[in-house]
Amino acid sequence: MPERQVAEIKTFAEDPKNKKKEEDDKGKLSSSKPNGDKKEEEEELSEEDAQLKVELEMLVERLKEPNTDLYRPALETLRTLIRTSTSSMTSVPKPLKFLHPHYPELQSLFETWSTSEDKSLFADILSALAMTYSDTQPRGTLRYRLISASLMPSSSTIPEPGSWGHEYVRHLAAELGEEYTIRQEGEDSPSSEKPKEEAVTVPGSIEDLHSLGLECARFFLGHNAEPDAVDLLVELEIVDRIADLVDVNTFGRVCTYMDRCVNLLPPPDDVAFLRTIHNVYLQFSKLPEALSIAMRLNDPDLIREDFNVSGNPIMRRQLAFLLARAQIPVEWLHPPPSEDADGEADFPEDILDSLSNTNLSKFFREFGKELGVAEPKSLEDVYKSHLENTRGGLSANVDSARGNLAGTFVNAFVNAGFGNDKLMVEAEEGNSWVYKNKDHGMMSAVASLGLSLLWDTDVGLSHVDRYTYSSEEHIKAGALLATGLLNAGVRTEADAALALLGEYVTNQSLPLKTASIVGLGLAYAGSHREDLFTLLLPLIADESTSMEVASLSALALGFVFVGSGNGDIISTILQTLMERDERALGEKWGRFLALGLALLFVGLQDASDATIETLKAIEHPISKQAQILVEICSFVATGNVLRVQRLLHLCGEHLEAVKEKEEAKKEKQKEKAEKKDDGKDENKPDDTFQSFAVLGIAMIAMGEEIGAEMSMRQFNHLMHYGDPIIRKSIPLALGLISASNPQLPVLDTLSKYSHDSDLQVALNAIFAMGLVGAGTNNARLAQMLRQLAVYYYKEPDCLFVVRVAQGLVHMGKGTIGINPFFSDRNILSRPAIAGLLATIMAFTDAKAFVLDKYHWMLYFLVTAMYPRFLITLNEDSESLPVTVRVGQAVDVGFQTHQTPVRLGTTERAELATEEYISYAHVLEGFVILRKNPGWEDTMQL
């Protein structure tokens, strides 16, 4: 095909003179005749520019004349010319360009003038001209600005920095930060960097720098540069004063920017930032936002003030829903002890119901009906065995008791909260699933009632009650655990869990004792109840109790007082660690004793330093384990880089050991035996701490996405070069870092690990797949697990975990998640992180716990289980269907749905119309709406 002809049209530059000038400039640079250049340059200037240059030079000459009366007009004219000059964003303004060569002589001239208002104005002009000399004379703009201010008579004020334009203020802000840093650190740095330059002395005190910084910040805030204002005040270490500068138009953007910075700041700056944000929100009566910040700070006083400051009962009900989601103790909201009696009666019934999650079960079941998932699911609905590519007779190898036990957990997780499963709740008389399990399997089977009837305290107790009269010890223990499970996250006036379980805490029977202790821990997680403290603390202190009871008591108290830093419990657990003999501390239960201690420090950051120092004095391997657990709980979700580096260093300690192991095969076998025996050989340190260090990296990095992504890369390296103890912990860390958030890279990585030659790694990877997909109904993940069920049909342990993972993926039929973050992934639920960590801790030695007779530890997840819904209510707390858009947080794409709707971990919702106004700042969980008064008028128009 012949080529199509194209017409060419030549176009000419709008200003041929300028084009010629650019070309000549290049030649001018290489020329070595300065006098000739000056002449050529003058010829190249346009008439306007030449006139401006002559005028500026004349004004400079005026300033050199002895007649002082000419100074003021000349300076005024200079200032006007500089201020009014406009140019493109990329070029220097013409007056600054033409005055650049005169700057040194103007500086000399300035020094000869006597102090006066004219000299102040001269300094102000030199401050603007100094921008062109910033590379050779650092901080000149700031120096002359401060000199100008000091020379100004007290009767008049210096013009604002903004009068010189945006670029000037940015320049000034940069120099302010630089000067402040130099003053804080001493003046060694500039002299060492530029020995040829004279030391620059900037007048003024730190207070002067602060007041100038505030002026610049005020300008930035008025010109849509909120991040610049925050950054400047951070450099000057006065970020708390931004609260005085913001107005109704700027506070939202300032707080959003500061909030995003929190994860990138080292302590204690991050806490200072949060407190500043809190003050700003409170200043503008944004109570839900302020309360969410107070919850992140875990400050009882702030939470009480924010909750009680609102006079609107409906707003208080919305705040109560927010507090109930995080399971904040109701006692925190009462006035101080002196007025306590009056304080408790203050809350109306509707607010108490909201705070106690009383109606959670009712709304959840209605939500299930709306989504069409109210019908119970059978095990076959989950396993979908007909899709598995199996040959007949393969299942014959499976231990039927182990298969039934797996079925117990699958049934419990899948039908959680709906209270209508076929195996337990609605089982026909005499055909109960309980008796299809053996011994300790019966305990888990009866306890599964607690999950099925989750949050339904009224009906649940009557179903569980009949099993409490059983003569079979394990069935009775299961009923006690079920009582604890169904009360998890819900408070009732009857306090049934404490009444029913309290008496069994001192029972002689070990299963009943442990079930009641764990049940109390789960039922009252995060409640900080003093009566449980007096009930369980003696069990830790008593040296005659077994390590199992002492450790589970410590763990239960860790759940109840999570993040409280309770001194009495801390000292009791530390004393137990010091006084117990080495053999007891070396038992597998030691890790739960350490975890109970660590949970008390969740989110407390540096408050754990004294405890860590005390632990260093204990001469036993458990000391190092406890130190790491306390540290990672203290800094959970902070993204603290230094702590992650330290943990990586601990994980790297094995590299030297590997070289030594390679020297002799016998030593290598010894090392492996040592790992199993929890470090009985005193010469070689116990390596369980490395397992916790790996989990710690996930715990600290889980708060922000960049850190989480970077940690996954580190896990990849550790997987290649790590010892077996590290390799088997990495899948668990991956499960923790993206719980209920099935991202493809994580799924593919875990799928690869699930076929690992080391069965411990494979087993943990399969469980982690369950955690990552918990409550998502992820089809890709379900398919992977079906393939694994075929792959491991001869491995009963792995098959058991595959089944449990299948149950987790379909948790609550896709309506319940276990991600510990909520409110647009900003607030961490402390009881949720405690439940996740306790479950994962059981998998650090799966053979000793979950695959032995302690499979009930899987129920620790209950404190992290919460419906992933958005339910909109009217002002009378009745369901109000409205249209909402649901989509990814950043994506433009969204789908429009009618509430109630299910929200994914990374999804957020917004109202599709302006018909209603939300009381909450994030559409998640329970949201109360009010009618927009202007909506009907708009419709009529």
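Below or above, wherever it landed, is the structure these notes cover. (Residues numbered from 1 in each chain as written. Predicted model: local features only at pLDDT ≥ 70, side-chain atom pairs only at ≥ 80, totals over all residues. Heavy atoms only, no water.)

Within the open sheet, the 3 strands sit side by side as β7-β6-β9. Their pairing is antiparallel. A single partner strand is all that each edge strand has here, and the edge strands are β7 (895–898) and β9 (907–911). Sheet twist, expressed as the average angle between the axes of neighbouring strands with direction ignored, equals 35 degrees. Across 4 bridges, strand β6 (residues 883–888) lies against β7 in antiparallel orientation. Within β7, the position partnered with R885 by the bridge is T896. (Pairing = 2+ DSSP bridges. Helix = DSSP H or I, 4+ residues; strand = E, 2+ residues; numbered from the N terminus. Axes fitted to C-alpha atoms, helices over the stretch in contact; angles between N-to-C directions.)

With that settled, the discussion passes to the pattern of salt bridges. A side chain of one charge can pair with a side chain of the opposite charge if their charged atoms are brought near each other. For the structure shown, the criterion picks out 26 salt bridges. For E167, the salt bridge is made with R170, and the minimal N-O distance between the two is 4.0 Å. Within this pair, E167 and its partner R170 are both found in helix α9 (residues 166–185), separated by 3 residues, close to a single helical turn. Given the relative accessible area of 49%, E167 is considered partly exposed. On the accessibility criterion, R170 (45% relative accessible area) is partly exposed. The partner of K931 in a salt bridge is E915, with the nearest N and O atoms 2.6 Å apart. Of the two residues, K931 is situated in strand β11 (residues 925–931) and E915 in the loop between β9 and β10 (916–918); the sequence distance between them amounts to 16 residues. By relative accessible area, which is 37% here, K931 ends up partly exposed. Owing to a relative accessible area of 23%, E915 belongs among the partly exposed residues under this scheme. (Salt bridge = Lys/Arg side-chain N within 4 Å of Asp/Glu carboxyl O. Buried < 20%, exposed > 50% of the residue type's maximum accessible area, 1.4 Å probe, protein only.)

Bringing the packing of aromatic side chains into the picture now. Counted under the stated rule, the structure contains 24 aromatic pairs. Judged by centre distance (6.4 Å) and plane angle (90 degrees), the ring pair of F251 and Y281 falls under edge-to-face. With a gap of 30 residues between them, F251 in helix α13 (residues 251–261) and Y281 in helix α14 (residues 269–283) connect regions that are remote in the sequence. Exposure remark for Y281: the relative accessible area of 13% places this residue in the buried category. On the basis of an interplanar angle of 70 degrees and a centroid distance of 6.1 Å, the ring pair of F533 and F561 is categorised as edge-to-face. Of the two residues, F533 is situated in helix α28 (residues 530–541) and F561 in the loop between α29 (547–560) and α30 (567–579); the sequence distance between them amounts to 28 residues. Of the residues examined, F561 reaches a relative accessible area of 2% and is grouped as buried. One aromatic cluster is present, built from ring pairs that chain together F559, W589, F592, F849, Y854, W856 and F860. A cation over a ring is seen here: K624 above F689, with NZ or CZ 4.4 Å from the ring centre. (Phe/Tyr/Trp six-rings, centres within 6.5 Å; stacked < 30°, edge-to-face > 60°. Lys NZ or Arg CZ within 6 Å of the ring centre and 35° of its normal.)

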